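Single-letter residue listing:
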Amino acid sequence: MNIAIDISPLSSGHKVRGVGFYLLHLKDALQKYFPQHSYTFFTDPKSIPQNVNVVHYPYFDPYFQTLPLLKHHLTVVTVHDLTPLVFQKHFPAGIKGKLIWQLQKHLLKNVDGILTDSVCSKKDIHKLIGISNEKISVVYLAAGETFQKLSEKAINKQALFNKYGLPEYFALYVGDVTWNKNLPRLMRACITQHVPLVMVGKALVEKDYDTANPWNVDRNIVIEIAEKNSNIYRLGFVENDELVQLYNCATVFAMPSLYEGFGLGVIEAMSCGCPVITSKEGSLPEVAGDAAEFVDAYNEASIGEAIVELFTDGRKRKEMVEKGLIQAKTFSWKKAAEQTLSFYQRIYETSH
């Protein structure tokens, strides 16, 4: 097959995590495991060769135009999640956003197939856009291959802890600072229980953002709480090798989100042998299986008690680490590439 993939998100703000992570790993896995196919990577749709069988747009945003107006080839789009549409009160579109959403919805209905990260997101796409289930395929993401449990020798703990001034034991959070991440509750739970919380993510330390934007309400709260508490450590963006070490050093990884389309941090933490605390909201039960400690995302006490239990109960921690390592192995980029490719083939064969 001749496959064309849009790599324009790699030259935008999406490169760091999320979409950029997905695109880089999918691109590498397709070339590594399925070199018999031909791949064209483009940033401008006008440069797509005529002989292409399938064009893949790996990113969809309801409130920004991410799809071309004219469709000249069989087209597959990855819709990672529709969280802003599920919780419109917390992610208001604005007038311009509402207009773009009507256009994006029309363009999405016109594509030949949709990939998404979870059954939860598939249900949202079907319900909110009215696209038939047959047209949507779930392909789970995976942690990068560098995310693994390290030996003590392989961890440069002293240098890492000195660089960031970290305490010996800490809870870890990795990700964005939007409403669905539930960070104010997580932070308050840790403060109440006197548990140090290390937070990784670019948005946690950025100063140049629109504080008046309703999407940033939680970001404002998070920064205010962090500035008043010395037990909260905001590291901002960290390189992959340091992130792997942080997962390996953390006592527990906490991601008690109010909603997730996938929840990559859960799999990354499990792959590194870090016990996981999460919620049963959105796709998280799908991803975590029986290998995480589930909490009530809306209850600070529930979050705090679970963290303390894993800090103090060595046997429970060991059991969670073992289960997590097994669960993480069920996800791989080889499997993701294989399923993506078979979806391309299905779309192509159906049209001929």
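This one's a predicted model, so the numbers in the text were calculated from it and none came from an experiment.

Procedures and definitions
- Residues numbered from 1 in each chain as written.
- Predicted model: local features only at pLDDT ≥ 70, side-chain atom pairs only at ≥ 80, totals over all residues.
- Heavy atoms only, no water.
- Pairing = 2+ DSSP bridges.
- Helix = DSSP H or I, 4+ residues; strand = E, 2+ residues; numbered from the N terminus.
- Axes fitted to C-alpha atoms, helices over the stretch in contact; angles between N-to-C directions.
- Contact = heavy atoms within 4.5 Å.
- Parallel < 35°, antiparallel > 145°, perpendicular 65-115°, else oblique.
- Nonpolar A, V, L, I, M, F, W, Y, C, P; charged D, E, K, R; others polar.
- Phe/Tyr/Trp six-rings, centres within 6.5 Å; stacked < 30°, edge-to-face > 60°.
- Buried < 20%, exposed > 50% of the residue type's maximum accessible area, 1.4 Å probe, protein only.
- Lys NZ or Arg CZ within 6 Å of the ring centre and 35° of its normal.
- Core = buried A, V, L, I, M, F, W, Y, C linked by side-chain atoms within 4.5 Å.
- Salt bridge = Lys/Arg side-chain N within 4 Å of Asp/Glu carboxyl O.
- Right-handed = clockwise from strand over helix to strand, strands pointing away.

Draft legend 1. Quick look at the sheet that holds strand β5 (residues 113-116). Spatially, β2-β1-β3-β4-β5-β6 is the arrangement adopted by the six strands of the open sheet, whose pairing is parallel. Each edge of the open sheet carries a strand with a single partner, namely β2 (38-42) and β6 (136-138). Along the sheet, successive strands turn relative to each other by an average axial angle of 20°, direction set aside. Across three bridges, strand β3 (residues 54-57) lies against strand β4 (residues 75-78) in parallel orientation. Across the sheet, the residue bridging to Val 55 is Thr 75, located in β4. In the packing of helix α1 (residues 19-33) onto the sheet, the strands contacted are β1 (2-6), β2, β3, β4 and β5, and the crossing angle to β2 comes to about 155°.

Draft legend 2. Region of interest: the packing of helix α11 (residues 300-312) against helix α12 (residues 314-328). Closest axis-to-axis distance for the α11/α12 pair is 5 Å, and the angle between their directions is 100°. Relative to α12, the element α11 lies roughly perpendicular. Contacts between α11 and α12 involve Glu 309, Leu 310 and Thr 312 on the former and, on the latter, Gly 314, Lys 316, Arg 317 and Met 320. Residues that form the contact of α11 with α12 fall into these classes: two nonpolar, two polar and three charged.

Draft legend 3. Molecular detail of the packing of aromatic side chains. Scanning the entire structure with this criterion turns up 15 aromatic pairs. Geometrically, the ring pair formed by Phe 262 and Phe 331 is edge-to-face, given 6.0 Å between the ring centres and 85° between the ring planes. Within this pair, whereas Phe 262 is found in the loop between β10 (252-255) and α9 (264-271), its partner Phe 331 is found in the loop between α12 and α13 (333-351), the two being separated by 69 residues in sequence. Judged by relative accessible area, which is 4%, Phe 262 ranks as buried. Owing to a relative accessible area of 11%, Phe 331 belongs among the buried residues under this scheme. One cation-aromatic arrangement involves Lys 27 over Phe 41; the distance from NZ or CZ to the ring centre is 5.0 Å. Over the ring of Tyr 209 we find Arg 219, and its NZ or CZ is 4.0 Å from the ring centre.

Draft legend 4. Up close: the nonpolar core. Core analysis: the largest hydrophobic core is formed by 64 residues, its most contacted members being Leu 172 and Phe 253. In terms of residue count, the dominant contributor to this core is α13 (seven residues). Aside from chain neighbours lying at most four places away, what touches Phe 253 is Leu 172, Tyr 173, Val 174, Tyr 247, Gly 265, Val 266, Ala 269, Cys 274, Pro 275, Val 276 and Ile 277. Judged by nonpolar contacts, the second largest core, of 26 residues, contains Ala 171, Ala 306, Ile 307 and Leu 310.

Draft legend 5. A look at the pattern of salt bridges. On inspection of all chains with the given rule, the structure shows 13 salt bridges. Of the charged contacts, one joins Glu 206 and Arg 219 as a salt bridge, the two residues approaching to 2.6 Å between their closest N and O atoms. Here Arg 219 lies in helix α7 (residues 217-228) and Glu 206 lies in the loop between β8 (197-200) and α7, a separation of 13 residues in the sequence. Taking relative accessible area as the criterion, Glu 206 reaches 28% and is therefore assigned partly exposed. For Arg 219, a relative accessible area of 10% corresponds to the buried category. One salt bridge in this structure joins Glu 224 and Lys 228, with 3.2 Å as the shortest N-O distance.

Draft legend 6. Focus on the pairing of β10. Residues Val 252 and Ala 254 of β10 are buried on one face, and the alternating residues Phe 253 and Met 255, pointing to the opposite face, are buried as well. Alignment of strand β7 (residues 171-174) against β10, held across two bridges, turns out to be parallel. Residue pairing in the sheet places Ala 171 in a bridge with Val 252 of β10. Where β10 and strand β11 (residues 276-279) come together, three bridges link them in parallel fashion. Within the sheet, the bridge partner assigned to Met 255 lies in β11 and is Thr 278. Following the backbone out of β10, through α9 and into the adjacent parallel β11, one traces a crossover that is right-handed.

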